[in-house]
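Letter by letter, the chains look like this.
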Amino acid sequence: MKILVVSHLYPDSRNPTHGIWIYRIVKELTKLGNEVIVINPGPGINKINTKIKFINKIQSLFNFKYDRESVFKHIKSYHPSEKSNKFKLKNKKHIPRKCAVENTIKKYDIRNIHLIWTVTSYNSGSSIYEYAKKHNIPLYVTEVSSPYDLEVGDSVKKNLAKKVLEYATKIISISPGMTKQILNNFPEFTNKIEMIWLPTSNFFLNVKQRYNDKNALRILTAGYLNKQKGLKYLIEAVHKLYNEGFDIVWNMCGDGPMRDELKKLIYQNKIDKIVRMHGMIKNHELINFYENSDVFVQPSLHETQGVAIIEAMTAGLPVIYTKCGAPEYYMNERVGIQVEPKNSEQLYNALKNFDKKKYDSDYIKKYVMSIFDEKLIAKQYLDLFLSYKKENIISSI
């Protein structure tokens, strides 16, 4: 089967981790005998130059290049730049991406496509659905952006997303919570929706927690530092524990717009001696933190899936998590503790009463991989693609 993937999310030489889950699925689809071509439209240099601070951070982590190039050479991928200066009107913002995609198809003579898989109806689907419709090619749309109300937040975006979803063969949601959000906006597409989780890799499976020869509870958080992550409630909980003489150490990995505010809160609560902010770190550096932690904490206000939770579990860590839209659908008492969002008191109690001996790291690893293994997820996608193909063959007889 020849599959064309169109996604604004995909690893490239500017950001090798951007949309890494899509690469994981593409890689496995290729291993299963499919020919997969990826078109990954993105901003041109004119947009990039306005984000110098962001560039400096990325440069410090990766070998940054202005020209977007493939980082996985065994997958055929194209990374055209969007020339957006001519399209400043609100209802024309999708046009540069559409032009970039269609020009790439023409330039590289991409033909005989059996199906198209695109990620998000508005951001990527709007750039390819007219081409798919014109050539009668089945279109599969995975919706990942949450809160979904913001993704299709105005009438222009919503109308365009609706056109894409109307033509789509299937709409793939990445969690039960995401499904609810889609149907709140487009209840007419109930029969089109399938739910498939985002995949994880086995990168951290060999991690072994090191024996804690001190009494301190070692907690870890990792991810984007924004309001949605609810870290201020964890600061309140840790502050209360520290004031009571509880021995605790917190390693905070990640960066984001709330970094300075969180740092200020840490100092105001006088817990700067036990909270260490490490900033953005690479995957191989995370191994050391997983090895030297007792529990991963994710106090999010909202999660579409909870990728950081899942990665921590692949390293064998139990998780204290919030009931925030996704984790509650796959977590259980053998792998973690559930608390309510925006509730520092429940976080305090969960940490105070946490007993590492109750959790089996090997079980946690096996459990999480039984749901999120990239091979399993890719097979679910392929089965979905093939089911449509079989239906078409049967209906044409």
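This report concerns the structure included in the present document. Each chain has its residues counted from 1, following the order in which its sequence is written. Reporting in this predicted model follows two pLDDT cut-offs: at least 70 for local features of residues, and 80 or more for side-chain atom pairs to be given and counted; totals over whole chains, interfaces and linings ignore these cut-offs and use all residues. Side-chain calculation: all heavy atoms of the structure are included, whereas hydrogens and water are not.

Focus on the packing of aromatic side chains
Inference 1: Pairs were defined over the aromatic rings of Phe, Tyr and Trp, the Trp ring being its six-membered one, requiring ring centres within 6.5 Å. Orientation was assigned from the angle between planes: stacked under 30 degrees, edge-to-face over 60, tilted for the rest. Going through the model one piece at a time under the given rule, you end up with 15 aromatic pairs.
Inference 2: Aromatic pair Trp 117 and Tyr 381: ring centres 4.9 Å apart, planes at 50°, arrangement tilted. Of the two residues, Trp 117 is situated in strand E6 (residues 115-119) and Tyr 381 in helix H15 (residues 374-396); the sequence distance between them amounts to 264 residues. Note on accessibility: Trp 117 and Tyr 381 belong to one class, buried.
Inference 3: Each ring, one from Phe 204 and one from Tyr 290, has its centre 4.9 Å from the other, and the planes form 80°; the classification is edge-to-face. Under the DSSP-based scheme used, a helix requires at least four consecutive residues in state H or I and a strand at least two consecutive residues in state E, with every element numbered from the N terminus. The buried label goes to any residue with under 20% of its type's maximum accessible area, the exposed label to any with over 50%, and the partly exposed label to all in between, with areas taken from a 1.4 Å probe on protein chains only.

Some thoughts on the side chain of Thr 142
Inference 1: Relative to the helices and strands, Thr 142 resides in strand E7 (residues 139-143).
Inference 2: For Thr 142, a relative accessible area of 0% puts it in the buried group.
Inference 3: Residues are treated as being in contact if the distance between any of their heavy atoms lies within 4.5 Å. Residue contacts for Thr 142: discarding those within four places in its chain leaves Trp 21, Trp 117, Thr 118, Val 119, Thr 120, Ile 172, Ile 174 and Tyr 381.

Observations regarding the pattern of salt bridges
Inference 1: Just to be clear on terms, a salt bridge is a Lys or Arg side-chain nitrogen sitting within 4 Å of an Asp or Glu carboxyl oxygen. Applying the stated rule across the entire model yields 17 salt bridges.
Inference 2: Between Lys 229 and Glu 303 there is a salt bridge, and its shortest N-O distance comes to 2.7 Å. Taken as a pair, Lys 229 in the loop between strand E10 (217-222) and helix H9 (231-243) and Glu 303 in the loop between strand E13 (295-298) and helix H12 (307-314) lie far apart in primary sequence, 74 residues in all. Glu 303 carries the same exposure label as Lys 229, and that label is buried.

Thoughts on empty space enclosed by the protein
Inference 1: Definitions used throughout: a 1 Å grid over protein atoms alone; a cavity as a set of points that fits a 1.4 Å probe which cannot get out; a pocket as an open set with protein on both sides within 12 Å along at least five of seven lines; a lining residue as one with an atom within 4 Å of a point. Grid points are joined across faces, edges and corners, and a volume is the space filled by probe spheres set on the points. As enumerated under the stated definition, the model contains one cavity of 30 Å³ or more in all.
Inference 2: Space inside the largest cavity adds up to approximately 60 Å³.
Inference 3: Every residue lining the largest cavity is listed: Thr 221, Ala 222, Gly 223, Tyr 224, Leu 225, Lys 229, Leu 231, Met 252, Cys 253, Gln 298 and Pro 299.
Inference 4: Every element with two or more residues in the lining of the largest cavity is listed here: E10 and strand E11 (248-253).
Inference 5: Gly falls in the polar group here, along with every residue not listed as nonpolar (Ala, Val, Leu, Ile, Met, Phe, Trp, Tyr, Cys, Pro) or charged (Asp, Glu, Lys, Arg). By residue class, the composition of the lining of the largest cavity is seven nonpolar, three polar and one charged.

Digging into the nonpolar core
Inference 1: Nonpolar core, defined: a set of buried Ala, Val, Leu, Ile, Met, Phe, Trp, Tyr and Cys residues in which side-chain atoms within 4.5 Å join the residues together. The biggest cluster of nonpolar side chains holds 118 residues, and the ones touching the most others in it are Ile 116, Trp 117, Ile 219, Tyr 290 and Leu 351.
Inference 2: With seven residues, the top contributor of residues to this core is H9.
Inference 3: Residues in contact with Tyr 290, not counting those within four places in the same chain, are Phe 204, Val 207, Gln 209, Leu 220, Phe 296, Glu 311, Ala 312, Ala 315 and Leu 317.

A closer look at the sheet that holds E6
Inference 1: Should DSSP find at least two bridges between two strands, the strands are regarded as paired. Within the open sheet, the seven strands sit side by side as E4-E2-E1-E6-E7-E8-E9. Their pairing is parallel. Looking along the sheet, the strands with just one partner apiece sit at the ends: strand E4 (76-78) and strand E9 (193-195). Between one strand axis and the next, the sheet turns by 20° as a mean value, whatever way the strands run.
Inference 2: Axis geometry follows a simple rule: fit a line to the C-alpha atoms, using only the stretch in contact for helices, then measure angles between N-to-C directions, giving values from 0 to 180 degrees. With respect to the sheet, helix H1 (residues 20-31) is in contact with strand E1 (2-6), strand E2 (35-39), E6 and E7, its orientation differing from that of E6 by roughly 160°.
Inference 3: The strands that helix H8 (residues 176-185) touches are E7, strand E8 (170-173) and E9; relative to E9, the one it contacts most, it runs at about 165°.

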